[in-house]
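Structure assessment
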Amino acid sequence: MDWCHNESFRSADALSTAAETDEEELDFSKVDKPRGLERCKSCEVRSLSELAKVSENSSHPVEHLENAVSLLPKSITNTPGALVLDPHPHLHSHPIVSEGWEALRRSLVYFRGQPVGTIAALDSSDEKVNYDQVFVRDFVPSALAFLMNGEPDIVRNFILKTLRLQSWEKKIDRFHLAEGVMPASFKVFHDPVRNRETLIADFGESAIGRVAPIDSGFWWIILLRAYTKSTGDTSLAELPECQKGMHLILNLCLSEGFDTFPTLLCADGCCMIDRRMGVYGYPIEIQALFFMALRCALQLLKQDTEGKEFMERIARRLHALSYHLRSYFWLDSKQLNDVYRFKTEEYSHTAVNKFNVIPDSLPDWIFDFMPLNGGYFVGNVSPARMDFRWFCLGNCIAILSSLATPEQSIAIMDLIESRWLALIGEMPLKVCYPALEKHEWQIITGCDPKNTRWSYHNGGSWPVLLWLLAAASIKTGRPHIAKRALEIAETRLVKDNWPEYYDGKLGRYIGKQARKSQTWSIAGYLVAKMMLEDPSHLGMVAIEDDKHQKPVLRRSNSL
Ligand code: GLC
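Just so it is clear, the structure is predicted and the values come from calculations on it, not from any experiment. (Residues numbered from 1 in each chain as written. Predicted model: local features only at pLDDT ≥ 70, side-chain atom pairs only at ≥ 80, totals over all residues. Heavy atoms only, no water.)

1. Examining the overall build of the chain
Put simply, the rule reads: A run of H or I in DSSP counts as a helix once it spans at least four residues, and a run of E counts as a strand once it spans at least two, with each numbered from the N terminus. Residue burial is assigned from relative accessible area. The probe radius is 1.4 Å, only protein chains are included, and a residue is buried under 20% of its type maximum, exposed over 50%, and partly exposed in between. Between two residues, a contact is recorded if the distance between any of their heavy atoms is within 4.5 Å. Per-residue and other accessible areas follow the Shrake-Rupley method at a 1.4 Å probe size, with only the shown protein chains counted as cover for residues.
Of regular secondary structure, the chain possesses 21 helices and 13 strands. A buried classification covers 60% of the 559 residues belonging to the chain. The long-range share in the chain, meaning contacts at least 24 apart out of those at least 6 apart in sequence, stands at 73%. Entry remark: accessible area of the chain is about 23,400 Å², with carbon and sulfur atoms responsible for 53%.

2. Section: the side chain of serine 185
Note that serine 185 resides in strand 6 (residues 185-191). The class for serine 185 is buried, based on a relative accessible area of 0%. When near neighbours in sequence (up to four residues on either side) are disregarded, serine 185 contacts Gln133, Val134, Phe135, Ile200, Ala201 and Asp202.

3. Examining the pattern of salt bridges
Where charged atoms of side chains with opposite charge meet at close range, the side chains can pair. The following threshold applies: What makes a salt bridge here is a side-chain nitrogen of Lys or Arg within 4 Å of a carboxyl oxygen of Asp or Glu, nothing more.
Evaluated as defined, the whole model comprises 15 salt bridges. A salt bridge links aspartate 132 to lysine 187; its shortest N-O distance comes to 2.7 Å. One end of the pair, aspartate 132, is in the loop between strand 2 (114-118) and strand 3 (134-135); the other, lysine 187, is in strand 6, and 55 residues separate them in sequence. Judged by its relative accessible area of 32%, aspartate 132 falls in the partly exposed class. Under the relative-accessibility criterion, lysine 187 is labelled buried at 13%. Between arginine 156 and aspartate 153 there is a salt bridge, with the nearest N and O atoms lying 3.3 Å from each other. A residue pair is termed a helical-turn pair when its members lie 3 or 4 positions apart in one helix, as arginine 156 and aspartate 153 do in helix 6 (residues 153-166) at 3 residues. Looking at aspartate 153, the relative accessible area reads 34%, which means it is partly exposed. Members of the salt-bridge network, linked through shared partners, are Arg385, Asp387 and Arg389.

4. Examining the site of the ligand
To keep it simple, the criterion reads: Residues are labelled near a given molecule or strand when at least one of their non-hydrogen atoms is within 4 Å of it. Polar contact is the term for a pair of N or O atoms within 3.5 Å; when the atoms are in protein, one must be able to donate a hydrogen and the other to accept it, and sequence-neighboring residues count only if both atoms are side-chain atoms. In this classification, Asp, Glu, Lys and Arg are treated as charged, Ala, Val, Leu, Ile, Met, Phe, Trp, Tyr, Cys and Pro as nonpolar, and every other residue, Gly included, as polar.
Around the ligand lies a shell formed by Ala120, Tyr131, Phe135, Arg137, Asp138, Met272, Asp274, Tyr456, His457, Glu500, Gln518 and Trp520. Contact between the ligand and aspartate 138: an oxygen atom at 2.5 Å from a side-chain N or O atom of the residue. In this structure, histidine 457 approaches the ligand through a side-chain N or O atom, which is 2.7 Å from an oxygen atom. A total of 310 Å² of accessible area belongs to the ligand in isolation, and the protein chains cover 96% of it. For the shell around the ligand, the per-class residue count stands at 6 nonpolar, 2 polar and 4 charged.

5. Things to note about the sheet that holds strand 8 (residues 330-332)
Stated precisely, the cut-off is as follows: When DSSP finds two or more bridges between two strands, those strands count as paired. Between the N-to-C directions of two axes lies an angle of 0 to 180 degrees, each axis being a line fitted to C-alpha atoms and, for a helix, fitted only over the stretch in contact.
Read across the sheet, 4 strands follow the order 8-9-10-11 without closing on themselves; strand pairing throughout is antiparallel. The open sheet terminates on both sides in strands that have one partner only, identified here as strand 8 and strand 11 (432-433). Summarising the sheet, strand 9 (residues 375-382) and strand 10 (residues 385-391) pair through 4 bridges and their orientation is antiparallel. Among the inter-strand pairings, valine 378 is bridged to a residue of strand 10, identified as tryptophan 390. Helix 12 (residues 333-340) contacts strand 8 and strand 10 of the sheet and is inclined by roughly 100° relative to strand 8.

6. Points about the side chain of arginine 275
Looking at the secondary structure, you find arginine 275 in the loop between helix 9 (240-254) and helix 10 (284-300). Arginine 275 sits in the buried class, given a relative accessible area of 17%.

7. Focus on the packing of helix 19 (residues 479-490) against helix 20 (residues 519-533)
Selection rule: We call two directions roughly parallel when the angle between them is under 35 degrees, roughly antiparallel when it is over 145, roughly perpendicular when it lies between 65 and 115, and oblique otherwise. Note on convention: the crossing is left-handed when the near helix lies turned anticlockwise from the far helix by less than a right angle, right-handed when the turn is clockwise.
In contact at an axis separation of 11 Å, helix 19 and helix 20 are set at 140° when each is read in the N-to-C sense. In terms of orientation, helix 19 and helix 20 fall into the oblique class. At the point where helix 19 passes helix 20, the crossing takes the left-handed sense. Contact residues: Pro479, Ala482, Lys483, Leu486 and Glu490 in helix 19; Tyr525, Ala528, Lys529 and Leu532 in helix 20.

8. So, unusual backbone geometry
Leucine 429 follows proline 428 through a cis peptide bond whose omega is 15°. Among the structural elements, leucine 429 can be located in the loop between helix 16 (420-423) and strand 11. A cis amide bond, omega -10°, links tyrosine 433 with the succeeding residue proline 434. Note on placement: proline 434 falls in the loop between strand 11 and helix 17 (438-445). One non-glycine residue, aspartate 173, lies in the positive phi region at around 50°. Relative to the assigned elements, aspartate 173 resides in the loop between strand 4 (171-172) and strand 5 (175-176). Although it is not a glycine, serine 517 sits at a positive phi angle of roughly 45°. For serine 517, the position within the fold is in the loop between strand 13 (509-510) and helix 20. For serine 517, a relative accessible area of 19% gives the class buried.

Note that all results are geometric; they support no functional claim without further evidence.
In structure tokens form, the structure reads like this:
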């Protein structure tokens, strides 16, 4: 089979092999359809304004978020193709919302007549780059938008299609990747000779840096739970192939090796930040997604023999992971002062400075950035190294997954509020703070011209992150934070044609190499907007703390 028609898949050695044609084709009709579109809402009814009122007067997170529902029914009206009359048209009359939906629908990708995902960007100005593909991580906000809009079919198709891609043989040069690896992206290839559509997937072999995406498998599990939660349809997750897909992903990340930490050791570029940016080691983005995916898997795994074994392994890992991340990654003004006064060269188990972090490695900016009230999970912790940068995605996922304790969640939001200009600025939301400059930029990025200071992954501002901010601020009972950020974004997004990212300390400028019509910018905005209108959507992407930290001990361990 000749895959090489595609610009971005030229390297003949670095190809993933697909089972040919029909065998590889998935019959979507064989999979049970969800039981209707209604979601399970509790009878406790609260409007967003009520919720906001409560939250403005208190700093306590919304309790039982999954029961916090608004009076507003889900609208599927002002979106093209929707059939139901909107009982609350004023809420959806915002022209940006209509434009967003139109743009999102234009980005749909079909495979043999079925919608299976959304293209990364509709901007065709530079064909060589890989924005004409469906990225797993990019599809998540699109999927949430469709789920919130009562259109789960595309999400189900995507989940099943990517599952089939997972089962491909994955080979880079002469090296085989593990079975569980999920692709970073895929595209539909129209074979003109056979007049047939096939899929081409990239497991990292075509990506810059040739790194496999560790986040894809985690997002896949998180999405499977969002689908299940949103539709009430458990039959998809219960399919043997979905259970197997989960087992394979879990096997990969729960396997034991040389590690002395429960966190996952990663290569630079294995997540949203997919170029060299000094996020190798134990990046918070992956650790938080790992934690969230484990918690989602606990809800999705069947209680058969294999499933139960995984559940035990997950419980033990969550126990260790939450302890490690909450203790060693957490930084607030007290902890900062402790690090500042750290002793070094401590050997025994009584050591306080366990990783031998040298206080001189504290960067100057941290002392001004850290507010008295507030804190965050730092970017990375490994031997003699703390990456003190603030990363948006990891901190928001920490809140959503309840990796952050209620106090830590409040502190993360406190920090965002008190560092508003730096993190939200004129266009939300910084992917990380601060930017690497000069010598540091040279050494850490390898002089990457795309990641110059305050651009792209290096302190650029990404509208897609709005959905995470919205979810985190609703979960902590402070929706006004996201509302304010969204109002700022609305002044520019459509006018600028949904750029991928913005540049500058304040995010004022459309990014140097930013694509236009970037799908996850569109979907990220729509999801944030829908969640603020109807906070009950939050249950899809958030998990309450259920004291999961108690591991199930095997008999031999407990003696
Ligand atoms: C860039 C981003 C990556 C995203 C991809 C498609 O490579 O860094 O996170 O998935 O574009 O939008």
